[in-house]
Amino acid sequence: MTGSPPDIRIQEVAPRDGLQNEMKWVDTAEKIRLINSLSAIGFERIEVSSFVSAKAVPALRDAAEVFAGIDRRPSTIYTALVPNRRGAERALAALADELNFVMSASETHNRANINMTHAQSFEALSEVVRSAHAVGKLVNATVATAFGCPFEGMQPFEKVCRIVKQYFDHGVGGVTLADTTGMANPRQVSQLLSKVLLLVPADKLTIHFHNTRGLGLVNVLAAYATGARRFDAALGGLGGCPFAPGATGNVCTEDLVNLCHETGLRTGLDLQRLIDLSLRLPVLIGHGVPGQVAKAGRPLDLHPLPERLRAVS
């Protein structure tokens, strides 16, 4: 789609956050084909892969090969998740445009996820920022479990805000608040974002919801109403967290785009092309996906009359 700028900016995370938990190995060439198809649809940001231990996340052990093989669209930012300086160096060598650093608001989850305390994570972030800035690359920092932790429960708003401020003090260019385990609700979303948006311009803030308890889309609406404008989503609703019991997929990209279009929000994305691409996912990963719109079709995709009615019309 062309014309006016989007009202809401949707960033695609399926190639990383979506595929990281899949049991079936997705060939490197298929990952590249998926990312190229997403690029062609016009996403401003695509999270391509992660540079973490291959032992920890074997599904993404080909991150460097994927980055080397994709066709890069000039107006798309290709992002890599990194936990530390070593991951940053590998991502920069692969020519990632942006590094996405992750630390959990919950120290318990942080230790389960990346085996670091908060102090160790902030030290690692300093090294990541130095490495990226030395070659003119961007750094985004994610606050995982910002809306709740499966081990510690809800995280105080003041704690999340303090981490956000510390991220910017360390020199990051943007921040993501992640509902890693799908614990957020619309009231909580509005309350937290009303505080965070006093610290972060809307164009530097991304919101990352999961649909674990069926509230993903309503949480997006609550965040948008509060002033957030950037959201992560995953084609087909793929995703989850290996260190968060019960955490299922991300907000589904095509379901979110459909919601936006039905409520008059411009996304700059072609819903039918997203549906067509999502319909290819079950063959790619070996099972069905949770997204709904790809199964049902667009709301005004009409169907032929039943045979008995056609006979008398």
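About the criteria used
- Residues numbered from 1 in each chain as written.
- Predicted model: local features only at pLDDT ≥ 70, side-chain atom pairs only at ≥ 80, totals over all residues.
- Heavy atoms only, no water.
- UniProt positions renumbered as here; feature names shortened; annotations may be inferred.
- Helix = DSSP H or I, 4+ residues; strand = E, 2+ residues; numbered from the N terminus.
- Contact = heavy atoms within 4.5 Å.
- Salt bridge = Lys/Arg side-chain N within 4 Å of Asp/Glu carboxyl O.
- 1 Å grid on protein atoms, 1.4 Å probe; cavity = no way out; pocket = protein on both sides within 12 Å on 5 of 7 lines; lining within 4 Å.
- Points joined across faces, edges and corners; volume = space filled by probe spheres on them.
- Nonpolar A, V, L, I, M, F, W, Y, C, P; charged D, E, K, R; others polar.
- Core = buried A, V, L, I, M, F, W, Y, C linked by side-chain atoms within 4.5 Å.
- Buried < 20%, exposed > 50% of the residue type's maximum accessible area, 1.4 Å probe, protein only.
- Pairing = 2+ DSSP bridges.
- Right-handed = clockwise from strand over helix to strand, strands pointing away.
- Axes fitted to C-alpha atoms, helices over the stretch in contact; angles between N-to-C directions.
- Parallel < 35°, antiparallel > 145°, perpendicular 65-115°, else oblique.
- Left-handed = near helix turned anticlockwise from the far one by under 90°.

- Under an unreviewed UniProt entry, the name given to the chain is Hydroxymethylglutaryl-CoA lyase, and the organism recorded is Bradyrhizobium sacchari.
- According to the UniProt record, the Sequence similarities (unreviewed entry) comment for the chain reads "Belongs to the HMG-CoA lyase family."

### Description of the environment of Leu215
So, point 1. For Leu215, the position within the fold is in the loop between strand 7 (205-208) and helix 9 (216-226).
So, point 2. Through-space distance from the C-alpha of Leu215 to that of Met183 is 8.7 Å; in sequence the pair is 32 residues apart.
So, point 3. Discounting chain neighbours no more than four positions away, the residues touching Leu215 are Ala184 and Asn185.

### With respect to the pattern of salt bridges
So, point 1. Tallying each qualifying case throughout the model produces 13 salt bridges.
So, point 2. Where Glu44 meets Arg9, a salt bridge forms, and the shortest distance between an N and an O atom there is 2.2 Å. Placement of Glu44 in the loop between helix 2 (28-41) and strand 2 (45-50) and of Arg9 in strand 1 (residues 9-12) is noted, with a sequence separation of 35 residues between them.
So, point 3. For Asp17, the salt bridge is made with Arg16, and the minimal N-O distance between the two is 3.8 Å.

### Focus on empty space enclosed by the protein
One way to see where empty space is left: roll a probe the size of a water molecule over the atoms.
So, point 1. Under the counting rule described, the total for this entry stands at 1 cavity of 30 Å³ or more.
So, point 2. Quantified by volume, the largest cavity comes out at close to 30 Å³.
So, point 3. Leu19, Glu22, Lys24, Trp25, Val26, Lys31 and Ala59 together form the lining of the largest cavity.
So, point 4. For the lining of the largest cavity, the class distribution of residues is 4 nonpolar, no polar and 3 charged.

### Topic: the nonpolar core
So, point 1. By size, the foremost hydrophobic cluster in this structure holds 90 residues, and its most contacted members are Phe67, Leu99, Val143, Tyr167, Leu177, Phe209 and Phe231.
So, point 2. Discounting chain neighbours no more than four positions away, the residues touching Leu99 are Ala80, Val82, Ala88, Ala91, Leu92, Val128, Ala132, Leu138, Val139 and Asn140.

### Section: unusual backbone geometry
So, point 1. Of note in the backbone geometry, Leu95 takes a positive phi value of approximately 70° without being a glycine.
So, point 2. Located in the positive-phi region is Asn115, a residue other than glycine, with phi close to 60°.

### Topic: the pairing of strand 4 (residues 98-104)
So, point 1. With 7 of 7 residues buried, strand 4 is to be regarded as a mostly interior element.
So, point 2. Strand direction decides the pairing type here: strand 3 (residues 77-82) and strand 4, joined by 4 bridges, are parallel. Bridging from a neighbouring strand, Thr79 pairs with Glu98 of strand 4.
So, point 3. The parallel pair strand 3 and strand 4 is bridged by helix 4 (residues 85-93), and the resulting crossover is right-handed.

### Side note on the packing of helix 9 against helix 10 (residues 253-262)
So, point 1. Packing of helix 9 against helix 10 leaves a shortest axis separation of 11 Å and a crossing angle of 50°. In terms of their interaxial angle, helix 9 and helix 10 are classed as oblique. Note that helix 9 runs across helix 10; the crossing there is right-handed. Residues Leu217, Val220 and Leu221 of helix 9 form the contact with helix 10, whose participating residues are Asp255, Leu256 and Leu259.
So, point 2. Class assignment for the residues of the contact of helix 9 with helix 10 results in 5 nonpolar, no polar and 1 charged.

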